[in-house]
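Structure at a glance
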Amino acid sequence: MAEPGVPYAYGYLSPQEVRFLDAAVERLIPTDELGPGAKDAGVSCYIDRQLCGMWGTHGRNYRSGPWLEGTPEQGFQSRFTPQEIYRVGIQEINLYCRGKYDKHFEFLPPAQQEEVLQALEQGKVDLPSLSSKLFFDLLWRNTEEGFFADPMYGGNRDKVGWKLLGFPGVASGAYREHLDNPELYHAEPVSILDIRLGHAQVDAQGFAKHVRIVKQEGSK
């Protein structure tokens, strides 16, 4: 399990691919006055874990074609697996950046990184092997997942995504006592990982025991 401050051994991504993703996800969810961004939340670690698993190779998907242009309603239609999309996409985007800016993506200033990401999102970068929008859509989806999923999957370190939203995590039996209370329910978030590691307790019914946060009047 990846913990804050503990180095993670990547299973699929190369060091250069990790540098690319750290830079890209930090532009998608940047560190600001509200808290850490996607890089510090471990989103690259989350993506690596998913790529190492069956999802990364489309292990249960039909993959023999034909590969026709699908409609938006038909969902994912690429012949590439997620592993291949990240490997090929990062390589070809870096070639694009080298040609336009003479630097790999991770070494560009934030403004130029955002310019590249916007062009990818709009499908305006002609990559040799795949659609730039396909790459961006997968990256954005995985970044959201890694920032808000339970920390047991490698991202959302220190539950920064949940703290940003005020989400308490695993349900508590205390909700029953709060049903008729008009006050907002504030609690330190509890994850599945917390319970597995013994960092949080459960009651006799298996619900998480929350530590409530008392908000001072006028605070948000």
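Let me begin by describing the structure that accompanies this report. These numbers were taken from a predicted model, which means no experiment stands behind them.

**Considering the overall build of the protein**
The helix and strand inventory of the protein stands at nine helices and zero strands. In the protein, the succession of α and β elements from N to C terminus is α-α-α-α-α-α-α-α-α. Projected onto its principal axes, the C-alpha positions of the protein cover 60 × 40 × 35 Å. With 220 residues in all, the protein has 40% of them scored as buried. Carbon and sulfur atoms form 52% of the exposed surface of the protein, whose accessible area is close to 12900 Å².

**Thoughts on the environment of tryptophan 140**
In this structure, tryptophan 140 sits in helix α6 (residues 132-148). Judged by relative accessible area, which is 32%, tryptophan 140 ranks as partly exposed. It is 20 Å that separates the C-alpha atoms of tryptophan 140 and serine 14, two residues lying 126 residues apart in sequence. With sequence-adjacent residues up to four places away left out, tryptophan 140 is seen in contact with Leu28 and Ile29.

**As for the nonpolar core**
Membership of the largest hydrophobic core comes to 39 residues, with the highest contact counts inside it found for Tyr86, Phe105 and Leu139. Breaking this core down by element, the ones donating at least two residues are α1 (15-28), α2 (43-52), α4 (82-101), α5 (110-121) and α6. When sequence neighbours within four positions are dropped, the list of residues in contact with leucine 139 reads Leu21, Ala24, Val25, Leu28, Ile47, Tyr86 and Leu117.

**Examining a nonpolar patch on the surface**
The grouping of Leu34, Phe148, Leu164, Leu165 and Phe167 at the surface amounts to a nonpolar patch, some 490 Å² of accessible area in total. For leucine 164, the location among the structural elements is in helix α7 (residues 160-165).

**What about unusual backbone geometry?**
At histidine 58, a position not held by glycine, the phi torsion is positive, near 50 degrees. Mapping histidine 58 onto the fold places it in the loop between α3 (54-57) and α4.

**Digging into the packing of aromatic side chains**
Per the counting criterion, the structure on display carries seven aromatic pairs. The interplanar angle of 75 degrees and the centroid separation of 4.8 Å between the aromatic rings of tyrosine 8 and tyrosine 10 together place this pair among those described as edge-to-face. Looking at tyrosine 10, the relative accessible area reads 31%, which means it is partly exposed. With a centroid separation of 4.8 Å and 40 degrees between ring planes, the pair formed by phenylalanine 20 and phenylalanine 105 is classed as tilted. Here phenylalanine 20 is found in helix α1, whereas its partner phenylalanine 105 is found in the loop between α4 and α5, with 85 residues between them in sequence.

**With respect to α2**
It helps to recall that an α-helix has 3.6 residues per turn; residues three or four apart then point in one direction. With seven of its ten residues buried, α2 lies for the most part within the structure. Where α2 is concerned, the buried positions are Val43, Ser44, Cys45, Tyr46, Ile47, Asp48 and Leu51. At its buried positions, α2 is contacted by α1, α3, α4 and α6.

**A word on the pattern of salt bridges**
A side chain of one charge can pair with a side chain of the opposite charge if their charged atoms are brought near each other. Enumeration according to the criterion identifies nine salt bridges in this entry. Note that glutamate 106 is salt-bridged to arginine 19, the shortest N-O span being 3.7 Å. Of this pair, glutamate 106 sits in the loop between α4 and α5 while arginine 19 sits in helix α1; the two residues are 87 residues apart in sequence, bridging distant segments of the chain. Under the relative-accessibility criterion, glutamate 106 is labelled buried at 13%. Lysine 163 is the salt-bridge partner of aspartate 158, the closest N and O atoms lying 3.4 Å from each other. Aspartate 158 sits in the partly exposed class, given a relative accessible area of 44%. Taking the relative accessible area as the measure of exposure, lysine 163 reaches 41% and is therefore partly exposed.

What counts and how
Residues numbered from 1 in each chain as written. Predicted model: local features only at pLDDT ≥ 70, side-chain atom pairs only at ≥ 80, totals over all residues. Heavy atoms only, no water. Helix = DSSP H or I, 4+ residues; strand = E, 2+ residues; numbered from the N terminus. Buried < 20%, exposed > 50% of the residue type's maximum accessible area, 1.4 Å probe, protein only. Areas by Shrake-Rupley, 256 points an atom, 1.4 Å probe, with all protein chains shown as cover. Contact = heavy atoms within 4.5 Å. Core = buried A, V, L, I, M, F, W, Y, C linked by side-chain atoms within 4.5 Å. Patch = residues over 30% accessible without salt bridge, like charges linked within 9 Å, V, L, I, M, F, W, Y side chains within 5 Å. Salt bridge = Lys/Arg side-chain N within 4 Å of Asp/Glu carboxyl O. Phe/Tyr/Trp six-rings, centres within 6.5 Å; stacked < 30°, edge-to-face > 60°.

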